[in-house]
Number of protein chains: 2
Amino acid sequence: MPYKKIGKQTIVFSEKPYIAGRGNVAGQKEGQGPLGEYFDMVLDDDMFGEKTWEMAESKMLKEAMKKAIKRSGLKQENIDAMLSGDLLNQLMSSSFTARDMHIPFLGLYGACSTMTESLLMGSILIDGGFARNVLVGASSHFCTAERQFRMPVEHGNQRPPSAQWTATAAGAAVLSSRDTFDVRSKYRIRTESATIGKVIDAGIKDVNQMGAAMVPAAVDTLLNHLEDTGRKLEYYDVVVTGDLGYIGKDIMTDLLKGAGIPGEQITDHYDDCGTMLFSEEQDVHAGGSGCGCSACVFTAYLLSLMEKKKIRKMLLMSTGALLSTISPGQGESIPGIAHAVSVEVE
Amino acid sequence: MPYKKIGKQTIVFSEKPYIAGRGNVAGQKEGQGPLGEYFDMVLDDDMFGEKTWEMAESKMLKEAMKKAIKRSGLKQENIDAMLSGDLLNQLMSSSFTARDMHIPFLGLYGACSTMTESLLMGSILIDGGFARNVLVGASSHFCTAERQFRMPVEHGNQRPPSAQWTATAAGAAVLSSRDTFDVRSKYRIRTESATIGKVIDAGIKDVNQMGAAMVPAAVDTLLNHLEDTGRKLEYYDVVVTGDLGYIGKDIMTDLLKGAGIPGEQITDHYDDCGTMLFSEEQDVHAGGSGCGCSACVFTAYLLSLMEKKKIRKMLLMSTGALLSTISPGQGESIPGIAHAVSVEVE
């Protein structure tokens, strides 16, 4: 059997699984942002006809998944496994979506890195011959996350300028092996390699400084990915972090320069979903965040650019802050993680 | 590439990953139970020298993992990836353990099914050539779980007879590929196949009826596993569910009989970790539960029986109740899940 790991942390897919379908749902505010036209569905009401925000988030994930399956040309019964996660305690959104999907389910938690974690694990299932079609995804909701991690939304407390806005959004993709794929889609978008991230904690304790807390993990994963693959940053048309936001993106840029990557390469080839989802006029302070942020930017905007071949090589690197609902109150700092998946179009 | 999925939900490992090491830590009450002598470490104090129960649980997982690495004969830097999870919001135990381990980390959540989920995903990483050595594990702690899901422990509220006792325990294993393994261990214990479970919800809403809530998923996974592999229950020396407890085990037995499996096969070949961890005198009502229950029974007791070849073929089937901290309060019923991993000794 060929060994597929290279260097310290990177896997190279020998079969290069296909992204056969993509789907997404965005909240009202996200729909009013610069990427509004790219979303499959924009909600009029972030309750989505449900009685609770949590069930609304779960319904968004389900709709995103159903759209991804539809685009893939498959039937739901052709999906071998579903891998997803969210920010809610015990993955409430994913667990309740999985209850309605009747597909073998593996729950994942990587905080806001979950979209790449699911893409990575899904690609492994396909690439190793364990499945022919896998459904992956992630979701978040501003109201479920604010209540759970910070303040009840009804409290209307003032957010500091470093705070990020958890995206009300869900994104999903269907990954397929070559044998089932060739007959269906007109696009040839594939996952090529992936780097599993380490948990890194720079000691930040402020729950309104998420970007800064996640940067060290993002830098570590990116530098390891480049070293493992022998690539330069400019190899990729774009390297996209998940939700570092404006402050995190600035720190990331500084640290990459410090690591010897030329400034113009960073300017031309690096971006962050948290700075792409909302416009400055939307007053989200330090940018977007949440599992749904990179999930919807990837499945709505970035993959559509790949379909049009406006970008051909991309490294998606969702970033997660692994605080819990009680760890900051216990005096713990915020550990970060980032997984990277290289996606290319033929 | 060979396709490794058979039937509806089952994967057959072509390389049969080796369980190269195992480790576990148990709380004081668990240490006083019938399996006390099998644990690597039994705590005198369930705070384990930490300031919070959560950090105590995290330390238990870390110690179990370090013991598993030590038994495997590997060094920590030889481990390619760590896969684990726990019951705590945002996987607090696993996330903080991973922070100290400096190993690429994939967080999993399957409630009390997490030990089998990590064993299954870890086996996939090895079997597909994505890693040579993988660390898997799961943990739970009575005090962290009671506070989070039910009542503050200090409240001292009365537990109904159907309530189960969340195990204060952690279990871990090192999975290795053949090429790195052959030189080291005297045991030849391997994962042979695995069945990914579906989420099934029978409508139970009582958070003190966990066993009953998980049974339908356990039955579904087991019957699918037997159908996919063409095996009978008696093929396995023992089929072990995770934490259905006394009530759940009874319901499971009835449902399996209803599905046509002869009663004596069930009596002779089926057991549940939740009924094995504590003695009746320990007054845990309906039995043990928690991720740590099957994690410690598997890594301490069942694997030691395999080392002695007292059992040669085992199907480990940890079971999870996918309620969240708030879903019962929102009127939702409790979805269940069960993953199965077949383990054999040569």
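Structure's up top.
Residues numbered from 1 in each chain as written. Chains lettered and ligands numbered in written order. Predicted model: local features only at pLDDT ≥ 70, side-chain atom pairs only at ≥ 80, totals over all residues. Heavy atoms only, no water.

### Things to note about the overall build of chain A
A count of helical and extended segments in chain A gives 11 helices and 17 strands. If you line up chain A on its principal axes, its C-alpha atoms span 55 × 50 × 35 Å. Buried residues in chain A amount to 68% of all 346 residues. Within chain A, contacts between residues at least 6 apart in sequence are counted, and of these 77% link residues at least 24 apart. Carbon and sulfur atoms make up 48% of the accessible area of chain A, which amounts to about 11100 Å² in all. In chain A, 35 side chains carry a positive charge and 43 a negative one; their mean positions are 7 Å apart. (Helix = DSSP H or I, 4+ residues; strand = E, 2+ residues; numbered from the N terminus. Buried < 20%, exposed > 50% of the residue type's maximum accessible area, 1.4 Å probe, protein only. Contact = heavy atoms within 4.5 Å. Areas by Shrake-Rupley, 256 points an atom, 1.4 Å probe, with all protein chains shown as cover. Lys, Arg positive; Asp, Glu negative; His and termini not counted. Charge placed at Lys NZ, Arg CZ, Asp CG, Glu CD.)

### Topic: helix α11 (residues 291-307) of chain A
All names here are of chain A. The terminal C-alpha atoms of α11, which comprises 17 residues, lie 23 Å apart, in line with the 24 Å expected from a rise of 1.5 Å per residue. Residue F298 marks the point of greatest curvature in α11, where the axis turns by about 40°. The buried count for α11 comes to 16 of 17 residues, which makes it a mostly enclosed element. Residue K309 follows α11 closely and has a positive phi angle near 60°. (Expected span 1.5 Å × (residues − 1). Bend = angle between axes of the 7 residues up to and from the residue.)

### Here we look at the packing of aromatic side chains
Each aromatic ring pair is characterised by the separation of its centres together with the angle its planes make. Summed over all chains, the structure comprises 8 aromatic pairs over all chains. Pairing Y38 of chain A with Y301 of chain A gives two aromatic rings, centres 4.9 Å apart and planes at 75°, and the pair type is edge-to-face. Taken together, the positions of Y38 of chain A in the loop between α1 (28-31) and β4 (41-42) and Y301 of chain A in helix α11 put the pair 263 residues apart, joining distant regions of the chain. You can call Y38 of chain A partly exposed: its relative accessible area is 23%. Ring geometry for F142 of chain A and W165 of chain A: centres 3.8 Å apart, planes at 5°, overall stacked. Of this pair, F142 of chain A sits in helix α5 (residues 142-149) while W165 of chain A sits in strand β8 (residues 165-166), placing them 23 residues apart in sequence. Both residues of the pair, F142 of chain A and W165 of chain A, belong to the buried class. Geometry around W165 of chain B places K29 of chain B over its ring, the cationic atom sitting 4.3 Å from the centre. (Phe/Tyr/Trp six-rings, centres within 6.5 Å; stacked < 30°, edge-to-face > 60°. Lys NZ or Arg CZ within 6 Å of the ring centre and 35° of its normal.)

### Thoughts on helix α7 (residues 210-229) of chain B
Residues and elements named next belong to chain B. Taking 1.5 Å of rise per residue, 20 residues should cover 28 Å, and α7 covers 29 Å from first to last C-alpha, within 8% of that figure. Taking the largest bend as the criterion, α7 deviates by roughly 30°, centred on P216. Positive phi shows up at G230, right after α7, with a value of about 70°.

### Points about the relation of the copies chain A and chain B
Note on the identical chains: chain A maps onto chain B by a rotation of 180° and an axial translation of 0.0 Å, with an RMSD of 0.0 Å. On the angle and the small slide along the axis, the relation comes out as a two-fold axis. The fraction of interface residues of chain A whose copies in chain B are also interface residues reaches 100%, indicating that both copies meet through the same surface. (Least-squares fit on C-alpha atoms with pLDDT ≥ 70 in both.)

### What about the side chain of H339 of chain A?
All names here are of chain A. Secondary-structure assignment places H339 in the loop between β16 (336-338) and β17 (340-345). On the basis of relative accessible area, H339 is assigned to the buried category, the value being 1%. In this structure the side chain of H339 is engaged in a polar contact, spanning 2.9 Å, whose partner is the backbone nitrogen of G197. (Polar contact = N/O pair within 3.5 Å; in protein donor to acceptor, adjacent residues only side chain to side chain.)

### Re the packing of helix α7 (residues 210-229) of chain A against helix α8 (residues 245-258) of chain A
Residues and elements named next belong to chain A. Contact pair α7 / α8: the axes reach a minimum separation of 9 Å and the direction vectors enclose 40°. With respect to α8, the element α7 is oriented oblique. Pair α7 / α8 crosses with right-handed handedness. Facing G211, A212, V215, A218, V219, L222 and L223 of α7, the residues of α8 in contact are G248, I251, M252, L255 and L256. Of the residues contributing to the contact of α7 with α8, the split by class is 10 nonpolar, 2 polar and no charged. (Axes fitted to C-alpha atoms, helices over the stretch in contact; angles between N-to-C directions. Parallel < 35°, antiparallel > 145°, perpendicular 65-115°, else oblique. Left-handed = near helix turned anticlockwise from the far one by under 90°. Nonpolar A, V, L, I, M, F, W, Y, C, P; charged D, E, K, R; others polar.)

### Some words on the interface of chain A and chain B
The figure often quoted for interface size is the accessible area lost as the parts come together. In this assembly, 64 residues from chain A lie in contact with 64 residues from chain B. With both sides pooled, the region where chain A packs onto chain B buries about 5200 Å², and carbon together with sulfur makes up 64% of that total. Across the chain A-chain B interface, the total number found is 6 salt bridges. Put simply, E332 of chain B and R99 of chain A hold a salt bridge, and the shortest N to O gap is 3.4 Å. Taken together, the links from chain A to chain B amount to 33 residue pairs in polar contact (both at pLDDT 80 or more). Sorting the residues of the side of chain A that touches chain B by element identifies α2 (53-72), α3 (92-101), β6 (105-107), α4 (114-127) and α5 of chain A as the ones contributing at least two each. Considering every element that reaches the side of chain A that touches chain B, the biggest residue donor is α4 of chain A, with 7 residues. Split by residue class, the side of chain A that touches chain B holds 34 nonpolar, 17 polar and 13 charged. (Buried area = accessible area lost by both parts, 1.4 Å probe. Salt bridge = Lys/Arg side-chain N within 4 Å of Asp/Glu carboxyl O.)

### Comments concerning empty space enclosed by the protein
On inspection of all chains with the given rule, the structure shows 5 cavities of 30 Å³ or more. What the largest cavity holds in volume is close to 170 Å³. As for the largest cavity, its lining consists of 20 residues, of which C112, R150, T166, M210 and S289 of chain A are closest to the centre. If you list the elements that add at least two residues to the lining of the largest cavity, you get α5 and α7 of chain A. For the second largest cavity, the calculated volume is near 150 Å³. In this structure, the second largest cavity is lined by 18 residues; those nearest its centre are L87, C112, R150, M210 and S289 of chain B. Looking at the lining of the second largest cavity residue by residue, the class counts come to 11 nonpolar, 5 polar and 2 charged. (1 Å grid on protein atoms, 1.4 Å probe; cavity = no way out; pocket = protein on both sides within 12 Å on 5 of 7 lines; lining within 4 Å. Points joined across faces, edges and corners; volume = space filled by probe spheres on them.)

### A closer look at the pattern of salt bridges
Applying the stated criterion across every chain, the model contains 34 salt bridges over all chains. Taking the shortest distance from any N to any O, the salt bridge between K16 of chain A and E344 of chain A comes out at 3.1 Å. With K16 of chain A in the loop between β2 (10-12) and β3 (18-26) and E344 of chain A in strand β17, this residue pair connects regions lying 328 residues apart in the sequence. Among the ionic pairs, E146 of chain A bridges to R150 of chain A, the shortest N-O distance being 3.2 Å. Overlapping salt bridges, with partners in common, bring together K62, R99 and D100 of chain A together with D201 and E332 of chain B in one network.

### Overview of the environment of G290 of chain A
Here G290 of chain A shows up in the loop between β13 (288-289) and α11. For the pair G290 of chain A and Q158 of chain A, spaced 132 residues apart in the sequence, the C-alpha separation amounts to 19 Å.

### Thoughts on the pairing of strand β14 (residues 313-317) of chain B
Residues and elements named next belong to chain B. Of all 5 residues making up β14, 4 are buried, and the element is well covered by its neighbours. Relative to strand β17 (residues 340-345), β14 runs antiparallel, the two sharing 4 bridges. Within β17, the residue paired with K313 across the bridge is E344. (Pairing = 2+ DSSP bridges.)

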